[in-house]
Amino acid sequence: MNPTGKDYVGSDALYADVQRTLRLCAEMNNGYHTEAEVRDCLRAITRSEVPDDVRVFTPLNINYGPGVTFGRDCFLNFGCTLLAIGGITIGDGAFIGPHCVLATEYHPEDPAKRHQLLTKPIVIGAGAWLGADVKVLAGVTIGENAIVAAGSVVTKDVPANTVVAGTPAKVIRKVKQ
């Protein structure tokens, strides 16, 4: 067991859940659906409640639905990918720009162990804003009201009320109030 997350190696049950999620996402992403229909799809994908004020522009790709929790009044733009086996929490009022990737999963550097799947959760704080094409890696928490500039790769926690940018993302200033 990985002390900071979970190890997964060849779990048939996990693979079945991933396949179920991929099928449901394909159905959600195929054709036009109203906002209410997308939320209903998300409820089936996550097997949990999705608030009625959540807005998602499809396509949205998720590999493990039960790992995703949506807060109230959050928004995900087109083309996002959630690799969620480690768990993703999207806080109230969070904005996630187009083509963002939230990846809770990674592999060991050691080639002999590289087929292991390791995970750490991602938390997007209330009111946080991820610009277009942001990548958030396993184990990262984005603080409340933080802004992540477009194109950034976030490898470490982002303090609340700060703006970060770059690869890897670094604090550049406080959010203007």
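Overview of the structure. Numbering of residues starts from 1 in every chain and runs along the sequence as written. Restriction of local features to residues with pLDDT of at least 70 applies here, the model being predicted, together with a cutoff of 80 or more for giving and counting side-chain atom pairs; totals for whole chains, interfaces and linings are based on all residues. By convention in this description, side-chain values take in all heavy atoms of the structure and omit both hydrogens and water.

### A look at the environment of Leu24
Right, on to step 1. In DSSP terms, a helix is any run of H or I states spanning at least four residues, a strand is any run of E spanning at least two, and both are numbered starting from the N terminus. Along the chain, the position of Leu24 falls in helix α1 (residues 12-29).
Right, on to step 2. Only protein chains enter the accessibility calculation, which uses a 1.4 Å probe; a residue whose area is less than 20% of its type maximum is buried, one above 50% is exposed, and one in between is partly exposed. Leu24 gets classed as buried once you look at its relative accessible area, which sits at 13%.
Right, on to step 3. Along the chain, Leu24 and Ala169 lie 145 residues apart, while their C-alpha atoms are 33 Å from each other.
Right, on to step 4. If sequence neighbours within four positions are ignored, Leu24 has contacts with Ala44 and Ile45. Contact criterion: two residues are considered in contact whenever any of their non-hydrogen atoms come within 4.5 Å of each other.

### Thoughts on the side chain of Thr162
Right, on to step 1. Its place among the elements puts Thr162 in strand β18 (residues 162-165).
Right, on to step 2. With a relative accessible area of 4%, Thr162 lands in the buried category.
Right, on to step 3. Thr162 has contacts with Ala146, Ile147, Val171, Arg173, Lys174 and Val175, leaving out every residue within four places of it along the chain.

### Re the sheet that holds strand β9 (residues 101-103)
Right, on to step 1. Two strands pair if DSSP finds at least two bridges between them. Judged by pairing direction, the sheet is parallel, and its 5 strands sit side by side in the order β3-β6-β9-β14-β17 without closing on themselves. Because the sheet does not close on itself, it has two edges, and the strands there are β3 (60-62) and β17 (153-154).
Right, on to step 2. Two elements, β3 and strand β6 (residues 80-83), share 3 bridges in a ladder whose sense is parallel. Directly across from Asn61, in β6, lies its bridge partner Thr81.

### Things to note about the packing of α1 against helix α2 (residues 35-46)
Right, on to step 1. Running from amino to carboxyl end, α1 crosses α2 at an angle of 175°, the nearest separation of the two axes being 10 Å. By the criterion of interaxial angle, the relationship of α1 to α2 is roughly antiparallel. Each of Arg20, Thr21, Leu24, Cys25 and Met28 in α1 lies in contact with α2, whose residues at this interface are Val38, Cys41, Leu42, Ala44 and Ile45.
Right, on to step 2. Residue classes in the contact of α1 with α2 are distributed as 8 nonpolar, 1 polar and 1 charged. All axes here are fitted lines through C-alpha atoms, helices being fitted over the stretch that makes contact, and every angle between N-to-C directions spans 0 to 180 degrees. Angles are sorted into four bins: roughly parallel if under 35 degrees, roughly antiparallel if over 145, roughly perpendicular if 65 to 115, and oblique for all others. Lys, Arg, Asp and Glu make up the charged group, whereas Ala, Val, Leu, Ile, Met, Phe, Trp, Tyr, Cys and Pro make up the nonpolar group; the residues left over, Gly among them, are polar.

### What about empty space enclosed by the protein?
Right, on to step 1. Cavities and pockets were defined on a 1 Å grid built over protein atoms only: a cavity is a set of grid points that admits a 1.4 Å probe from which the probe cannot escape, a pocket is an open set flanked by protein on both sides within 12 Å along at least five of seven lines, and lining residues are those with an atom within 4 Å of any such point. Grid points are joined across faces, edges and corners, and a volume is the space filled by probe spheres set on the points. Counted according to the given criterion, the structure contains 1 cavity of 30 Å³ or more.
Right, on to step 2. Computed from the structure, the largest cavity encloses a volume of approximately 40 Å³.
Right, on to step 3. Lining the largest cavity are Glu35, Val38, Arg39, Leu42, Val54, Arg55, Val56 and Phe57.
Right, on to step 4. Those elements that provide at least two residues to the lining of the largest cavity are α2 and β2 (55-56).
Right, on to step 5. Of all the elements, α2 adds the most residues to the lining of the largest cavity, at 4 residues.
Right, on to step 6. Classifying every residue of the lining of the largest cavity by side-chain character gives 5 nonpolar, no polar and 3 charged.

### Here we look at the packing of aromatic side chains
Right, on to step 1. Working definition: a ring pair exists when centres of Phe, Tyr or Trp rings (six-membered ring for Trp) sit within 6.5 Å. Plane angles under 30 degrees give stacked, over 60 give edge-to-face, the rest tilted. In total, this model carries 3 aromatic pairs according to the counting rule given.
Right, on to step 2. Taking 4.9 Å as the distance between ring centres and 45° as the angle between the ring planes, the aromatic pair formed by Phe57 and Phe78 counts as tilted. Of this pair, Phe57 sits in the loop between β2 and β3 while Phe78 is found in the loop between β5 (75-76) and β6, placing the two residues 21 residues apart along the sequence.
Right, on to step 3. By way of ring pairs, the aromatic residues Phe57, Phe75, Phe78 and Phe95 are connected into one cluster.

### As for the sheet that holds strand β8 (residues 95-96)
Right, on to step 1. Taken together, 7 strands build an open sheet; the order of strands is β2-β5-β8-β13-β16-β18-β19 and the sheet is mixed. Lying at the two open borders of the sheet, with one neighbouring strand each, are β2 and β19 (170-174).
Right, on to step 2. As defined by bridge partners, β18 adjoins β19 across 4 bridges and the pair is classed as antiparallel. The partner of Val164 across the bridge, within β19, is Val171.

### Quick look at the nonpolar core
In summary, soluble globular proteins display a tendency toward joint burial of nonpolar side chains.
Right, on to step 1. By size, the foremost hydrophobic cluster in this structure holds 37 residues, and its most contacted members are Leu42, Leu60, Phe70, Leu102, Leu130 and Ile142.
Right, on to step 2. Only α1, α2, β3, β4 (68-70), β6, β7 (88-90) and β12 (122-124) provide two or more residues apiece to this core.
Right, on to step 3. Residues within four places of Leu130 in sequence aside, it is in contact with Phe95, Ile96, Gly97, Cys100, Leu102, Ile124, Val136, Ile142 and Val148.
Right, on to step 4. Remark: nonpolar core denotes a set of buried residues (Ala, Val, Leu, Ile, Met, Phe, Trp, Tyr, Cys) joined through side-chain atoms within 4.5 Å. Counting 5 residues, the second largest nonpolar core, distinct from the first, contains Leu14, Val18, Tyr64 and Leu117.

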